[in-house]
Amino acid sequence: MKSSFTSRWNQALLDENYDRWSKNPKSVDADWAAFFEGFELGFAKSKKNGVAETTATSSSVSATDAAFQTHVDALINAYRSLGHTMAQVDPLCEEATSNPLLSLEALGFSESDLDREVSSINYKGGQALKLRDLIAQLQQVYCQTIGVEYMHIQNPVIREWVRDRIETRDTAARQEASLHRDLLSWIYRSETFESFIHTKYVGSKRFSLEGGESLILALATVLDNCETHGIKEIVMGMAHRGRLNVLANFLNKPLSVIFNEFSDDYTPEHTGGSGDVKYHLGYQTTHKTPSGHTVEVCLTANPSHLEAVNPVVEGKARARQRVLKDTAERKKVLPLLIHGDAAFAGQGVVAEVLNMSQLPGYRTGGTLHIIINNQIGFTTLPADARSTLYCTDIAKIVDAPIFHVNGDDPIAVITVSKMAIDFRQQFGCDVVIDIVCYRRQGHNEGEEPAFTQPNLYAKIKSHPLISEKFKKEVLALGTVTETEVEDIRKKVLSQMDAALAEVKEKAKEKSANGKAAFAGSTAIFQKPYAHDIVDTKITKGVLEKIVRTLTTVPEGFRVLPKVKRIFIDRRLKTWEAGGPYDWAYAESLAFGSLLLENTPVRLSGQDSRRGTFSQRMSVFYDEKTRERYIPLSHLDDKQPNFCVYNSLLSEAAVLGFDYGYSMDYPSMLCLWEAQFGDFSNGAQVIIDQFIASAESKWQRPSSIVMLLPHGYEGQGPEHSSARLERFLQLCAEDNMQVCNLTTPAQYFHALRRQIHRNTRKPLIIMTPKSLLRSEQAVSTTEDFTNSHFKEILEGPAPKNADKVNRIILCSGKVYYDLLTYRTENKLDDSTALLRVEQIYPLHEEELMRLVKQYKNAKSFVWCQEEPQNMGAWTFIEPYLRRLLGQDVAYSGREASASPAVGAQSIHKKQQAELVSNAFKV
């Protein structure tokens, strides 16, 4: 079932690795290194402390005794490092696991040593006991149903905390009658839920939790400890395995609602939009403890893209921490992620999210990771699914302690769950619980797992339920009686029957009166999208205040001369002259004006503080000390935060994080910026499954802004296109706004409109590169103080509209090439230029109003820089043909497999041809 830790090891391999480690400790993996370090540590302690301190029985010992003591210290550290390899954590493994490196011989002992009295200051304060008893204690701690990995943790304080908790853990829970009754109740609720659906809705997909029901015990333990730790909210994410069980038994989603979703004639009348399958849905609830402490629990909706929800949960959690003013310690909001073993090891976004966990702009105070380790991914066994021993090994990159636990041992599960939540609250770091279990049904209830794993599923078929094993244990202890067990089981079953009866009764009512039977949901509904003008202008006084702040630094702060010339002196002159304002200047004005209106701003992305093209410079650095100064953080004493972060080199995780943030902090302007627009390819799952469709599927709106540098300037196929066509292909039902803007003021108003309008929609902006400093793409003071966002812009209008016989429509940078060509070739009177600034939703009425000014126009052309199979052409052509009542000609690059050519000379030739053809085709 699993990659064997010991099958890779033998005496020859031991000698080989020790030789390698002696020469270079980094040349072997962490487990080997930890093992060998144990010997070195024991020897070093003997040498440092003196022989008198290494034994409790004698003040004068021989060299042989000193060597023996060294072996004792090495043995202790070997069990701490490798004891998990012998832990009995696999419920399907009938034989005890061995590890030759933990044998007496490998550790330097013989059978005759077992009755020798030993002690070590490295274990329980030097308590004296026989060697056999020491080994028995270590095996009891490290080799039973809990296996712990923590020796990889670099911080000694954290490492010793985990060591002390695991070595001194209380075993009294094994005898607590009230706890046993509670655990039986949770187990029966989980098991009965699955078996009930299995029999009542035969063949229905549910991705059951059967075999891993102890997950519910882990969640219940976390909830029970929230009050002690002051946790007010839990933000959860998980894939589909066990989701319905979690919804029913942890989030308390009404059973009647869940059962209704299994009905053959179920339609989600109460949700609107397209909806989604039941095992993708989220839910939100409030738990109240007997003492009155409330905990809000939110399970985030997630598609079958498994780990894609991870960064979304982290972003939501950080937003909630900000709402609760918990940004210092981050202990009030707990991010909790439930993973599958194959996905945790296989999905790259897992590593991305772990990597961001301790970064200033993305820290959430530690995430509790719980892995439902079914030891199989669909039909794939671990030997084919990963190169590591454990599915959890990736978590070692952030020094997370890892608790492996046998899913068939409820007491062990709640024990490590308590340790894990204590650890997270103590240190603000990630922690992992690996619940090793199995999957009783197939991947889904419609497939036969025995087709691919006949031996395994023969074993699973005969394996007892968790409830049966735990019932047997507690009955033997006498803590619970047979009658009590039966009462618990019957109570759970009666709840299921009552819920099903309610579903059937509601179905009858619906059939009788034709009304929806299950009204009400946690959906968020919005007003329909409208093209109404939004007042986004600012006063000259506000503009001046922003400019003064942008161009002022503290006394004694040494700004680099070039930065001062461009971002202080030049900006001050621009304001004094009333223009021209460039793109980045307009952006700063938008940010500053929103901050003065008490709207916080968050911008993150790769190199976003400076800007990929050195255009933003939102942070000034002292040229001697590199001390930082952020002008937009000093507009007003009462302003909200301006947060700008250079992100890790990730697209999927960072965009997912910022998307999640935007969902739970809707009053903030939240922006994610790609270094180049096409880098968003790396986040396509987030774009497809969340940004474009979440409102339709799950009724979860977002106002995230995506800034994607786009434009054909001869920089090759990877630095030209933000893949505008892909976003447009995803557009429908007014789900998001896609813009390709041409002036700084348009950008300014688009950002402000995002906050001031009464609907929340993602905003995708094709931001410029060469236009960042173009003398053509500029704006004036009046454009900010006496204007608004215009979805369609007209170029300099021809003097006589009646003479116009051709209208060229375009979007983005190519407009300036067309304008230059029209002027140079004296075609101003015969050709009109219209810029579609917002391609979707398209403002059809405004477009036709502008077109109708030119009643004699007979030729209509769409011009774009992108190849014909890319850009906006295939999207907008049907719109234009319908609106204009005639065919529209195309002028642009020919269809291509690659977004752009790699040679500057070919690029220039193509660009010149597509511009001139627009006036001829």
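Residue indices follow the written sequence of each chain, beginning from 1 at its first position. Residue-level local features of this predicted model are given only where pLDDT is at least 70; pairs of side-chain atoms are given and counted only at 80 or more, and the full residue set underlies all totals for whole chains, interfaces and linings. Each side-chain value is worked out from all heavy atoms of the structure, with water and hydrogens disregarded.

1. Topic: the packing of helix α7 (residues 214-224) against helix α15 (residues 410-427)
Viewed as axis vectors pointing N to C, α7 and α15 meet at an angle of 40°, and their least axial separation amounts to 9 Å. It follows that α7 is oblique to α15 by the angle criterion. In this structure, the crossing between α7 and α15 has a hand that is right-handed. Along its contact with α7, which presents S214, L217, A218, T221 and V222, the element α15 presents P410, V413, I414, S417, K418 and I421. Per-class residue counts for the contact of α7 with α15 are 7 nonpolar, 3 polar and 1 charged. Helix axes are fitted only over the stretch in contact, all axes being lines through C-alpha atoms; the angle between N-to-C directions runs from 0 to 180 degrees. Elements are defined by DSSP. Helices are runs of H or I of four residues or more, strands are runs of E of two residues or more, and each kind is numbered from the N terminus. For classification purposes, angles smaller than 35 degrees are called roughly parallel, those larger than 145 roughly antiparallel, those between 65 and 115 roughly perpendicular, and all remaining angles oblique. The crossing is said to be left-handed when, going from far helix to near helix, the turn is anticlockwise and less than a right angle, and right-handed when the turn is clockwise. The criterion used for residue contact is that any of the two residues' heavy atoms lie within 4.5 Å. Residues are sorted three ways: Asp, Glu, Lys and Arg are charged, Ala, Val, Leu, Ile, Met, Phe, Trp, Tyr, Cys and Pro are nonpolar, and all the rest, Gly among them, are polar.

2. Quick notes on the side chain of S593
Examined against the element boundaries, S593 turns out to sit in helix α21 (residues 583-596). In contact with S593, other than residues within four places in its own chain, are I538, V542, I546, F748 and R752.

3. Overview of the nonpolar core
Counting residues in each nonpolar core, the largest one holds 106 residues, and the members touching the most others are L75, L134, I234, M236, F259 and L336. If we skip the residues at most four places from it in the chain, I234 touches V222, C226, V295, E296, V297, C298, L334 and L336. Here, nonpolar core means buried Ala, Val, Leu, Ile, Met, Phe, Trp, Tyr and Cys residues that are tied together by side-chain atoms lying within 4.5 Å of each other. To sort residues, take the accessible area from a 1.4 Å probe on protein chains only and compare it with the maximum for the residue type: under 20% means buried, over 50% means exposed, and anything in between is partly exposed. Listed in part, the 78 residues of the second largest apolar core include V349, F690, I792 and W873.

4. Overview of the sheet that holds strand β16 (residues 705-709)
Taken together, the 7 strands give an open sheet; going across it, the order is β14-β11-β15-β16-β18-β17-β22, and neighbouring strands pair in mixed fashion. Edge strands, defined here as strands with exactly one partner in the open sheet, are β14 (642-646) and β22 (838-840). The average undirected angle you get between the axes of adjacent strands in this sheet is 20°. As paired elements, β16 and strand β18 (residues 763-767) share 5 bridges and run parallel to each other. Across the sheet, residue L707 finds its bridge partner in β18, namely I765. By this definition, two strands are paired if DSSP reports at least two bridges between them.

5. Let's talk about the confidence of the model for the protein
Taken over all residues, the pLDDT of the protein has a mean of 91, while the share at 70 or more is 92%. A score from 0 to 100, pLDDT tells how confident the predictor is in each residue. Confidence drops under a pLDDT of 50 for residues 1-9, and excluding neighbours within four residues, the segment shows 28 contacts in the predicted structure. Considering only residues more than four positions removed or in separate chains, one finds that residues 515-520, a stretch of pLDDT under 50, has 12 contacts.

6. Comments concerning the pairing of strand β9 (residues 402-406)
Counted residue by residue, β9 has 5 buried out of 5 residues, so it is predominantly covered. The alternating pattern of β9 places I402, H404 and N406 and F403 and V405 on opposite faces, both of which are buried. The pairing of strand β3 (residues 146-149) with β9 spans 4 bridges and is classified as antiparallel. Within β9, the residue paired with G147 across the bridge is H404.

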